Amino acid sequence: MSTQIAVRLPDDLVAWIDQQVAEGGGSRAAVTTTALRRYQRQVGAARDAEIYRETGDIQISKACMRDASTPISTDAGHSSRPGRQDATGRRPHARACS
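All of these numbers come straight from a predicted model, not from anything done at the bench.

Trainee: What is the right way to look at the overall build of the chain in this model?
Mentor: Along the chain, the regular secondary structure elements total 3 helices and 0 strands. When its helices and strands are written in sequence order, the chain yields α-α-α. For the chain, with 98 residues in total, the buried portion stands at 27%. A separation threshold of at least 6 residues defines the contact pool for the chain, and within that pool the share at least 24 residues apart is 44%.

Trainee: Help me understand the environment of V31, please; the structure alone is not making it clear to me.
Mentor: For V31, the position within the fold is in helix 2 (residues 28–55). Judged by its relative accessible area of 1%, V31 falls in the buried class. In sequence terms V31 and Q20 are 11 residues apart; their C-alpha atoms lie 7.0 Å from each other.

Trainee: Looking at this structure, how should I read the packing of helix 1 (residues 11–25) against helix 2?
Mentor: In a packed pair of helices, the relevant descriptors are the angle between the two axes and the axis-to-axis distance. Put simply, helix 1 and helix 2 touch, their axes get as near as 9 Å, and they point 110° apart. With respect to each other, helix 1 and helix 2 are oriented roughly perpendicular. Contacts between helix 1 and helix 2 involve V14, W16, I17, D18, Q20, V21 and G25 on the former and, on the latter, R28, A30, V31 and T32. Residues that form the contact of helix 1 with helix 2 fall into these classes: 6 nonpolar, 3 polar and 2 charged.

Trainee: Looking at this structure, I do not really get the pattern of salt bridges. What am I missing?
Mentor: Charged atoms that come close allow side chains of opposite charge to pair. On inspection of all chains with the given rule, the structure shows 2 salt bridges. Residue R47 pairs with D48 through a salt bridge whose shortest N-O separation is 3.2 Å. D48 sits in the buried class, given a relative accessible area of 9%.

Rules of the game
- Residues numbered from 1 in each chain as written.
- Predicted model: local features only at pLDDT ≥ 70, side-chain atom pairs only at ≥ 80, totals over all residues.
- Heavy atoms only, no water.
- Helix = DSSP H or I, 4+ residues; strand = E, 2+ residues; numbered from the N terminus.
- Buried < 20%, exposed > 50% of the residue type's maximum accessible area, 1.4 Å probe, protein only.
- Contact = heavy atoms within 4.5 Å.
- Axes fitted to C-alpha atoms, helices over the stretch in contact; angles between N-to-C directions.
- Parallel < 35°, antiparallel > 145°, perpendicular 65-115°, else oblique.
- Nonpolar A, V, L, I, M, F, W, Y, C, P; charged D, E, K, R; others polar.
- Salt bridge = Lys/Arg side-chain N within 4 Å of Asp/Glu carboxyl O.

This is the structure we're talking about:
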(Lines give C-alpha, C1' and ligand atoms only; values in the text may rest on other atoms or scores of the structure.)
Protein backbone atom coordinates (compact mmCIF):
# COMPACT_ATOMS: atom_id res chain seq x y z
CA MET A 1 0.00 0.00 0.00
CA SER A 2 1.19 3.53 -0.61
CA THR A 3 -0.10 7.00 0.14
CA GLN A 4 0.32 9.96 -2.15
CA ILE A 5 1.63 13.13 -0.52
CA ALA A 6 2.56 16.55 -1.79
CA VAL A 7 5.79 18.17 -0.65
CA ARG A 8 7.60 21.37 -1.53
CA LEU A 9 11.28 20.88 -2.26
CA PRO A 10 14.04 23.38 -2.97
CA ASP A 11 14.80 23.84 -6.66
CA ASP A 12 18.26 22.27 -6.32
CA LEU A 13 16.78 19.04 -4.92
CA VAL A 14 14.20 18.86 -7.69
CA ALA A 15 16.99 19.37 -10.24
CA TRP A 16 18.97 16.53 -8.63
CA ILE A 17 15.92 14.24 -8.66
CA ASP A 18 15.29 15.06 -12.32
CA GLN A 19 18.96 14.33 -13.10
CA GLN A 20 18.63 10.92 -11.42
CA VAL A 21 15.49 10.22 -13.45
CA ALA A 22 17.29 11.23 -16.67
CA GLU A 23 20.13 8.85 -15.78
CA GLY A 24 17.72 5.93 -15.53
CA GLY A 25 16.75 6.19 -11.87
CA GLY A 26 13.08 5.58 -12.59
CA SER A 27 10.38 8.10 -11.76
CA ARG A 28 10.56 11.05 -9.41
CA ALA A 29 8.60 8.97 -6.91
CA ALA A 30 11.08 6.08 -7.20
CA VAL A 31 14.11 8.35 -6.71
CA THR A 32 12.48 10.09 -3.74
CA THR A 33 11.43 6.78 -2.17
CA THR A 34 14.95 5.38 -2.58
CA ALA A 35 16.48 8.48 -0.98
CA LEU A 36 14.06 8.34 1.95
CA ARG A 37 14.63 4.60 2.45
CA ARG A 38 18.38 5.22 2.42
CA TYR A 39 17.98 7.91 5.07
CA GLN A 40 15.68 5.66 7.10
CA ARG A 41 18.28 2.88 7.05
CA GLN A 42 21.11 5.26 7.93
CA VAL A 43 19.26 6.70 10.92
CA GLY A 44 18.28 3.24 12.15
CA ALA A 45 21.74 1.76 11.64
CA ALA A 46 23.45 4.70 13.34
CA ARG A 47 21.05 4.39 16.29
CA ASP A 48 21.63 0.65 16.54
CA ALA A 49 25.39 1.03 16.18
CA GLU A 50 25.35 3.43 19.13
CA ILE A 51 23.40 0.91 21.21
CA TYR A 52 25.79 -1.87 20.25
CA ARG A 53 28.77 0.40 20.93
CA GLU A 54 27.42 1.08 24.40
CA THR A 55 26.92 -2.64 25.06
CA GLY A 56 30.37 -3.53 23.76
CA ASP A 57 29.45 -5.72 20.77
CA ILE A 58 32.04 -4.26 18.39
CA GLN A 59 31.41 -6.70 15.51
CA ILE A 60 27.75 -5.78 15.23
CA SER A 61 28.61 -2.11 15.74
CA LYS A 62 31.04 -2.19 12.80
CA ALA A 63 28.46 -3.92 10.58
CA CYS A 64 25.82 -1.33 11.47
CA MET A 65 28.13 1.60 10.81
CA ARG A 66 29.05 0.06 7.44
CA ASP A 67 25.35 -0.31 6.60
CA ALA A 68 24.73 3.29 7.69
CA SER A 69 27.41 4.63 5.36
CA THR A 70 27.05 2.34 2.32
CA PRO A 71 25.33 4.05 -0.61
CA ILE A 72 22.25 2.51 -2.14
CA SER A 73 21.63 2.74 -5.86
CA THR A 74 18.46 4.42 -7.14
CA ASP A 75 17.48 1.21 -8.95
CA ALA A 76 14.03 0.59 -7.46
CA GLY A 77 15.31 0.93 -3.93
CA HIS A 78 17.69 -2.02 -4.09
CA SER A 79 21.11 -1.94 -2.52
CA SER A 80 24.13 -1.59 -4.79
CA ARG A 81 25.92 -4.11 -2.59
CA PRO A 82 26.09 -7.69 -3.82
CA GLY A 83 24.49 -10.52 -1.92
CA ARG A 84 21.14 -11.96 -0.99
CA GLN A 85 18.45 -9.57 0.18
CA ASP A 86 15.16 -10.06 1.93
CA ALA A 87 11.82 -8.54 0.89
CA THR A 88 12.78 -5.15 2.34
CA GLY A 89 15.93 -4.93 0.20
CA ARG A 90 18.17 -5.64 3.17
CA ARG A 91 20.73 -8.37 3.44
CA PRO A 92 19.80 -10.86 6.18
CA HIS A 93 22.49 -9.68 8.66
CA ALA A 94 21.29 -6.08 8.35
CA ARG A 95 18.20 -6.86 10.42
CA ALA A 96 20.21 -6.42 13.59
CA CYS A 97 21.09 -2.91 12.46
CA SER A 98 17.66 -1.38 11.93
